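Geometric and topological summary
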Amino acid sequence: YHAPGVFKQLAAAASGATTTKTTTTPCAHVNVTHVEQLSATSARVHVSTDRTALFVAIDSAVVAGHFSYNYATLYPGEQYVLTFTARRTFDALLELAPSLTAVSLCDTFGVV
């Protein structure tokens, strides 16, 4: 069982143990692996990660809209599929795919 350092500390605290060490793990690499157009205003986005990634948010700096869910915990070896719905028509491959970014808790604070 591998968990980021924070969860190891929480598990130890919950079990009554005390810990004075802080452990860290490297940030995950979250990748958008595939984008497919569903309609003129929606697309399916496939995301994966190499490590557990907490509070992952996918965003587009070019196409305004929203994802079916965001701020999710992603686990390695699993494929996550989100639906993106835009406020206007767009081209998934030319506009959306190149503009997608993924940010996790680790990216925000440096370590987990």
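Structure first, text after, so check above.
Residues numbered from 1 in each chain as written. Predicted model: local features only at pLDDT ≥ 70, side-chain atom pairs only at ≥ 80, totals over all residues. Heavy atoms only, no water.

1. A look at the packing of aromatic side chains
Taken as a whole and judged by the stated rule, the model has 2 aromatic pairs. With a centroid separation of 5.8 Å and 80 degrees between ring planes, the pair formed by F84 and F90 is classed as edge-to-face. Considered together, F84 and F90 belong to a single accessibility category, that of buried residues. Among the aromatic side chains, those forming a connected cluster through ring pairs are F67, F84 and F90. (Phe/Tyr/Trp six-rings, centres within 6.5 Å; stacked < 30°, edge-to-face > 60°. Buried < 20%, exposed > 50% of the residue type's maximum accessible area, 1.4 Å probe, protein only.)

2. Comments concerning the environment of C27
Here C27 lies in the loop between α1 (5–14) and β1 (30–39). Separated by 26 residues in the primary sequence, C27 and A53 have C-alpha atoms spaced 7.5 Å apart. (Helix = DSSP H or I, 4+ residues; strand = E, 2+ residues; numbered from the N terminus.)

3. Brief notes about the nonpolar core
Side chains that are nonpolar tend, in soluble globular proteins, to be buried together. Counting 21 residues, the largest nonpolar core has V45, V47, L74, F84, F90 and L96 as its most contacted members. Listing elements by their share of this core, those giving two or more residues are β1, β2 (42–49), β3 (53–60), β5 (72–74), β6 (80–86) and α2 (92–99). The dominant element in this core, judged by the number of residues it contributes, is β6, at 4 residues. (Core = buried A, V, L, I, M, F, W, Y, C linked by side-chain atoms within 4.5 Å.)

4. Notes on the sheet that holds β5
As summarised here, the arrangement of the 3 strands in space is β5-β3-β7, forming an open sheet in which the pairing is antiparallel. Each having just a single partner strand, β5 and β7 (100–103) make up the two edges of the open sheet. Neighbour-to-neighbour, the strand axes of the sheet open up by a mean angle of 45 degrees, direction not taken into account. Judged from the 2 bridges that link them, β3 and β5 form a sheet pairing that is antiparallel. By the bridge assignment, A53 is partnered in β5 with L74. Contacts from α2 reach β3 and β7, with the element oriented near 25 degrees to β7. (Pairing = 2+ DSSP bridges. Axes fitted to C-alpha atoms, helices over the stretch in contact; angles between N-to-C directions. Contact = heavy atoms within 4.5 Å.)

5. Digging into the sheet that holds β2
With respect to topology, 4 strands assemble into an open sheet ordered β1-β2-β6-β4, the strand pairing being antiparallel. Both outer strands of the open sheet, β1 and β4 (65–67), are each paired with one neighbouring strand and no more. Pairs of neighbouring strands in the sheet enclose a mean axial angle of 25 degrees, with direction left out of account. Pairing of β4 with β6, which is carried by 3 bridges, proceeds in the antiparallel orientation. Of the residues in β6, the one forming a bridge with H66 is T85.

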